[in-house]
Amino acid sequence: ANIARWEGQFRDDPKPTAQRRMETAAGGLDVTVVEIAGTFSGGGPMMGDRSGPKAGTKLLGAIVQLPGGSGALFFKAWGPQATMERWRGEFDSMVSSLGPAR
């Protein structure tokens, strides 16, 4: 449902969502990483953004399944496409470093 909601934040048929699976190095958690590119409709007033649609935007998102079906963590970052592509590796590194509390 979150992936569909994230896609809905883009206008004019965003480029197809790229989804990939990864497992975290620290704890073997299952992660779905999502990339969406297009015209972002804006963060909206709840996010303090009233500036309107932003063309050439990319969203990086991750859904981390917690152990034992106890829920999920959601990470989302968006910005200019070139910026997000530049920092994709660091986003992946951050997500892959997650593990269960000890």
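Scroll up to find the structure this text is about.
What you are looking at is a predicted structure, and each value in this text was computed from that prediction instead of being measured.

**Student:** Mind laying out the pattern of salt bridges, listing which residues take part and the relevant values?
**Tutor:** It is possible for side chains bearing opposite charge to pair when their charged atoms get close. This model, assessed by the stated rule, comprises six salt bridges. Here K58 makes a salt bridge to E35, at a shortest N to O gap of 3.1 Å. Here E35 lies in strand β3 (residues 30-40) and K58 lies in strand β4 (residues 54-65), a separation of 23 residues in the sequence. Residue classification places K58 among the buried positions, given a relative accessible area of 7%. In this structure, a network of salt bridges that share partners links the residues R20, E35, K58, E85, R88 and D92.

**Student:** Now, about the environment of N2: what can you tell me, with residues and values included?
**Tutor:** Tracing the backbone shows N2 in helix α1 (residues 2-8). Looking at N2, the relative accessible area reads 17%, which means it is buried. Here the alpha-carbon distance between N2 and F74, two residues 72 residues apart in the chain, equals 8.5 Å. Setting aside residues no more than four positions away along its own chain, N2 makes contact with I63 and F74. Here R5 takes part through its side chain, which lies 3.1 Å from a polar atom of the side chain of N2.

About the criteria used
Residues numbered from 1 in each chain as written. Predicted model: local features only at pLDDT ≥ 70, side-chain atom pairs only at ≥ 80, totals over all residues. Heavy atoms only, no water. Salt bridge = Lys/Arg side-chain N within 4 Å of Asp/Glu carboxyl O. Helix = DSSP H or I, 4+ residues; strand = E, 2+ residues; numbered from the N terminus. Buried < 20%, exposed > 50% of the residue type's maximum accessible area, 1.4 Å probe, protein only. Contact = heavy atoms within 4.5 Å. Polar contact = N/O pair within 3.5 Å; in protein donor to acceptor, adjacent residues only side chain to side chain.

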